[in-house]
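Structural characterization, general
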Amino acid sequence: MSHPDSTGSKQRSAHEETIAARLQKSDDGAPQKALKAKHRQTEKRGSNPIIVLLSILLLAGALTYLVGAGQFERDGNLVVPGSYQSLEKDNSLTNLFRFRDDPEVAQPVSLVQLALAIPQGLERGANLIFMVLIIGGMFGILTKAGAVHAGLERLLGAVRGNVYVLVPSLMFVFAAGSTFLGLASEYLLVIPLMVEMARRLGMSRLMGLAILTIPVKAGFLASVTNPVALTVAQPLVDVPVFSGISMRLVAFFVFTIVGIIFMMVMIKREGFDPNAEIEFDTSRLSLRHAAMLVVLCLGIALLVYASTSWGWRNQQLTAYYIGLAVVLASISGLGASGAADAFVEGMRKILLAAILIGVAFAIAVTLQNGQIMDTVIFRLTGLVGEDNQLLAVQGMFVSQLMLDFMIPSTSGQAAVSMPILGPIGQLVGLTPNTTVLAFLFGNGIGTIFTPTSGTLLAYLATAQVPWSTWARFVMPLVGIYIVCCVVLLSIAVLVGY
């Protein structure tokens, strides 16, 4: 790694002094002080997310005593329709203190199993956990070197801090990447940039997170050509992958425009620093900062290509992030020890993500150990009516929305539910693509707020925003999206989509 040269050090010092002076200047006004106090209060609201998830884990454990055991036959990961069977189970509370399990008998989870579910969840989510930590370390290097601050300074200067131009443009780009390419965890790389951009505009972390998360979820709701969802769901109902684009394209524009409008209303309600419009540096970047930002942009471009064309998943992505961090460290001028310290500091800031993701996976482990997962799936699919197409499609939507709490994985939920919903849709006269649309909408709505979603928890941990704060913020939009889904599904039935 190269050592910092004197010119680079002077440039960084001058730049940091400039930023500090501007922040001090903005602090002098009473409106800015009130705005920052409001943001701090917003970010501190809400219960600790670990408490929220542990409460849900305890609820999942209790359900194994209240819900009967059952199972479907499976062909690989796919459920065989009509194969559900109830299992006898001793639901007495004496099982709480059971130390040994009988694999041949259905049993509710014991306290020992409940405790073991957390390390089992950490193991199941290990790939995602380590990827999040590596990304945090990489951005620690970028932040310590000053590249993030310098790059955002020029970006905001180019639009003169105009959030009404910048935010809708960014949101549309994020939504397009999600709906056409299936990008989700890949955007973890961008969250620190959005959070810092929001801070420079005088907004809270929550708003920075929302600028990215809302369009990503809107894109997943529509999934125009999202390979993550469609390559699993559509073959299970015997239709070509990516067929039926027209209705999903309409849904994409509806969800994205509604999300942008909601975001702009919330930004106006929360407020931002009006002086930000004229307070940005538009001079040329230093060579070192420019090089780091070019490497980051090229890295993101290659990441998108590799994810979609080469099928990279969490393990390959984590290795890629490690290599990208090494390249950025060598350019940063921090020296070997300085870059390593910055990397560790960046990881430390989002260490909470590891526990959150692990506990989220532990909930699914608990439901499976108590053998009630298939029972819940069977009962939820019973919500689907067989006498009326409009009621049936809404029943499919509701069943998927509720199922997402237990199976937050899009491909996993498709593998479990589509073999059941497909035949039901045929019986009632729904087209296969309408059945797929109901699945996409139900799955997509759940991923916006469900506390068992590993990807959402990773987003929240990276942005350092509590889940309860996010849920309160986004629930009005969730309600609007549900209404949009009901209307769009009804139109799909009426036009024979």
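Residues numbered from 1 in each chain as written. Predicted model: local features only at pLDDT ≥ 70, side-chain atom pairs only at ≥ 80, totals over all residues. Heavy atoms only, no water.

1. Brief notes about the overall build of the protein
Which entries qualify depends on this criterion: Helix numbers and strand numbers start at the N terminus; a helix is a DSSP run of H or I with at least 4 residues, a strand a run of E with at least 2. Categorising residues by exposure relies on relative accessible area from a 1.4 Å probe, with only protein chains included: less than 20% of the type maximum marks a residue as buried, more than 50% marks it as exposed, and the intermediate range marks it as partly exposed. Two residues qualify as a contact provided that any one of their heavy atoms is within 4.5 Å of a heavy atom in the partner residue. For every accessible area listed, the method is Shrake-Rupley and the probe measures 1.4 Å; residues are considered covered only by the protein chains on display.
Looking only at helices and strands, the protein has 21 helices and 4 strands in total. Relative to its full complement of 497 residues, the protein shows a buried share of 55%. For the protein, restricting intrachain contacts to residue pairs at least 6 apart in sequence, the fraction spanning at least 24 positions comes to 80%. For the protein, the exposed surface amounts to about 21,100 Å²; the carbon and sulfur share of it is 64%.

2. Some thoughts on the confidence of the model for the protein
The line we're drawing: pLDDT expresses, on a scale from 0 to 100, how confident the predictor is about each individual residue.
Residues of the protein with pLDDT of at least 70 account for 84%, and the chain-wide mean is 80. For the protein, the element scoring lowest by mean pLDDT is helix H1 (residues 6–27), at 43; helix H21 (residues 467–494) scores highest, at 95. Considering only residues more than four positions removed or in separate chains, one finds that residues 1–35, a stretch of pLDDT under 50, has 54 contacts. This stretch, residues 41–46, has a pLDDT under 50; its non-local contacts, to residues over four places away or in other chains, come to 13 contacts.

3. Focus: the packing of helix H9 (residues 205–222) against helix H19 (residues 432–449)
To characterise two packed helices, one gives the angle between the axes of the helices and the distance between these axes. We apply this condition: Axis geometry follows a simple rule: fit a line to the C-alpha atoms, using only the stretch in contact for helices, then measure angles between N-to-C directions, giving values from 0 to 180 degrees. Roughly parallel refers to an angle under 35 degrees, roughly antiparallel to one over 145, roughly perpendicular to one between 65 and 115, and oblique to any angle outside these ranges. Crossing handedness: left-handed means the near helix sits turned counterclockwise from the far one by under a right angle, and right-handed means the same turn made clockwise.
Look at H9 against H19: their axes get within 7 Å of each other, and the N-to-C directions meet at 165°. Classified by the angle between their axes, H9 and H19 sit roughly antiparallel to one another. In this structure, the crossing between H9 and H19 has a hand that is right-handed. Residue-level inspection shows Lys217, Leu221 and Ala222 of H9 in contact with H19, the latter providing Leu440, Phe441, Gly444, Ile445, Thr447 and Ile448.

4. Here's the deal with the packing of H9 against helix H20 (residues 454–463)
Axis separation between H9 and H20 bottoms out at 10 Å; the angle between their running directions is 155°. Between H9 and H20, the angle falls in the class roughly antiparallel. Every pair of crossing elements has a handedness; the one defined by H9 and H20 is right-handed. Each of Arg205, Leu209, Leu212, Thr213 and Val216 in H9 lies in contact with H20, whose residues at this interface are Leu456, Tyr459, Leu460 and Ala463.

5. Concerning the packing of aromatic side chains
Worth spelling out the cut-off: Only Phe, Tyr and Trp rings take part, Trp by its six-membered ring, and two of them pair if their centres are within 6.5 Å. Stacked means planes under 30 degrees apart, edge-to-face means over 60, and tilted covers everything else. Charge-over-ring placement is defined geometrically: NZ (Lys) or CZ (Arg) within 6 Å of the ring centre, and within 35 degrees of the ring normal.
Under the criterion given, the structure shown has 13 aromatic pairs. Between Tyr84 and Phe378, the ring centres sit 4.3 Å apart and the planes meet at 10°, which makes this aromatic pair stacked. Here Tyr84, found in the loop between strand E3 (78–79) and strand E4 (85–87), pairs with Phe378, found in helix H16 (residues 373–381); they are 294 residues apart in sequence, far enough to count as distant. We classify Tyr84 as buried; its relative accessible area is 18%. Following the ring pairs from residue to residue traces out a cluster consisting of Phe172, Phe180, Phe252 and Phe253. Across the ring face of Tyr459, the terminal group of Lys217 is positioned such that the distance to the ring centre comes to 5.7 Å.

6. Side note on H9
Selection rule: A helix's residues, less one, multiplied by 1.5 Å, set its expected span. Note that bend, as reported per residue, equals the angle between axes fitted to the 7 residues terminating at that residue and the 7 residues originating from it.
Its 18 residues give H9 an end-to-end C-alpha distance of 27 Å, which sits within 8% of 26 Å, the value for a rise of 1.5 Å per residue. The largest bend along H9 measures about 30° and falls at Ile211, with the proline Pro215 one to four residues further on. The element H9 is largely enclosed, with a buried count of 17 among its 18 residues.

7. With respect to the pattern of salt bridges
The cut-off we apply is this: One speaks of a salt bridge when a side-chain nitrogen belonging to Lys or Arg is within 4 Å of a carboxyl oxygen belonging to Asp or Glu.
Scanning all chains against the criterion turns up 2 salt bridges. Residue Arg199 pairs with Glu196 through a salt bridge whose shortest N-O separation is 2.7 Å. A residue pair is termed a helical-turn pair when its members lie 3 or 4 positions apart in one helix, as Arg199 and Glu196 do in helix H8 (residues 191–200) at 3 residues. Residue classification places Arg199 among the partly exposed positions, given a relative accessible area of 32%. Measuring nitrogen to oxygen at the nearest pair gives 2.6 Å for the salt bridge that ties Arg348 to Glu345. With a gap of 3 residues between them, Arg348 and Glu345 both fall in helix H14 (residues 335–349), about one helical turn apart. On the basis of relative accessible area, Arg348 is assigned to the exposed category, the value being 52%. Residue Glu345 is classed as partly exposed on the basis of its relative accessible area of 34%.

8. A few points about the environment of Pro419
By secondary structure assignment, the location of Pro419 is in helix H18 (residues 410–428). The sequence separation of Pro419 and Pro235 amounts to 184 residues, and the corresponding C-alpha distance is 10.0 Å.

9. Some remarks on helix H17 (residues 389–403)
Our working definition: Pairing of N or O atoms within 3.5 Å defines a polar contact, subject to two protein rules: one partner must be a possible hydrogen donor and the other a possible acceptor, and residues neighboring in sequence count only if both atoms are side-chain atoms.
A rise of 1.5 Å per residue sets the reference length of H17, with its 15 residues, at 21 Å; its end C-alpha atoms lie 21 Å apart and thus fit the reference within 8%. Along H17, the positions that sit buried rather than exposed are Ala392, Val393, Gln394, Gly395, Met396, Phe397, Ser399, Gln400 and Leu403. Against H16, H18, H19 and H21 lie the buried residues of H17. Among the residues of H17, the N-terminal cap falls to Asn388, whose side-chain oxygen and the backbone nitrogen of Leu390 are separated by 2.8 Å.

10. Side note on the side chain of Ser204
Following the sequence through the fold, Ser204 ends up in the loop between H8 and H9. Since its relative accessible area comes to 1%, Ser204 is described here as buried. At 3.0 Å, the side chain of Ser204 and the side chain of Glu270 are in polar contact.

11. Looking at the environment of Val393
Relative to the assigned elements, Val393 resides in helix H17. Residues Val393 and Val486 lie 93 residues apart in sequence; the distance between their C-alpha atoms is 8.9 Å. Once residues within four sequence positions are removed from consideration, Val393 is found in contact with Leu430, Thr434, Ala438, Leu489 and Val493.

12. Concerning the nonpolar core
So the rule is basically this: Nonpolar cores are built from buried Ala, Val, Leu, Ile, Met, Phe, Trp, Tyr and Cys residues. Side-chain atoms within 4.5 Å join them into one set.
Grouped together as the largest cluster of nonpolar side chains are 146 residues, with contacts concentrated most on Phe255, Trp470 and Phe473. With 14 residues, H21 is the single largest residue contributor to this core. Leaving out residues up to four positions away in the same chain, Trp470 has contacts with Leu206, Leu209, Ala210, Thr213, Ile214, Ile448, Phe449, Leu456, Leu460 and Val465. Grouped together as the second largest cluster of nonpolar side chains are 10 residues, Ala233, Val237, Val239 and Phe439 included.

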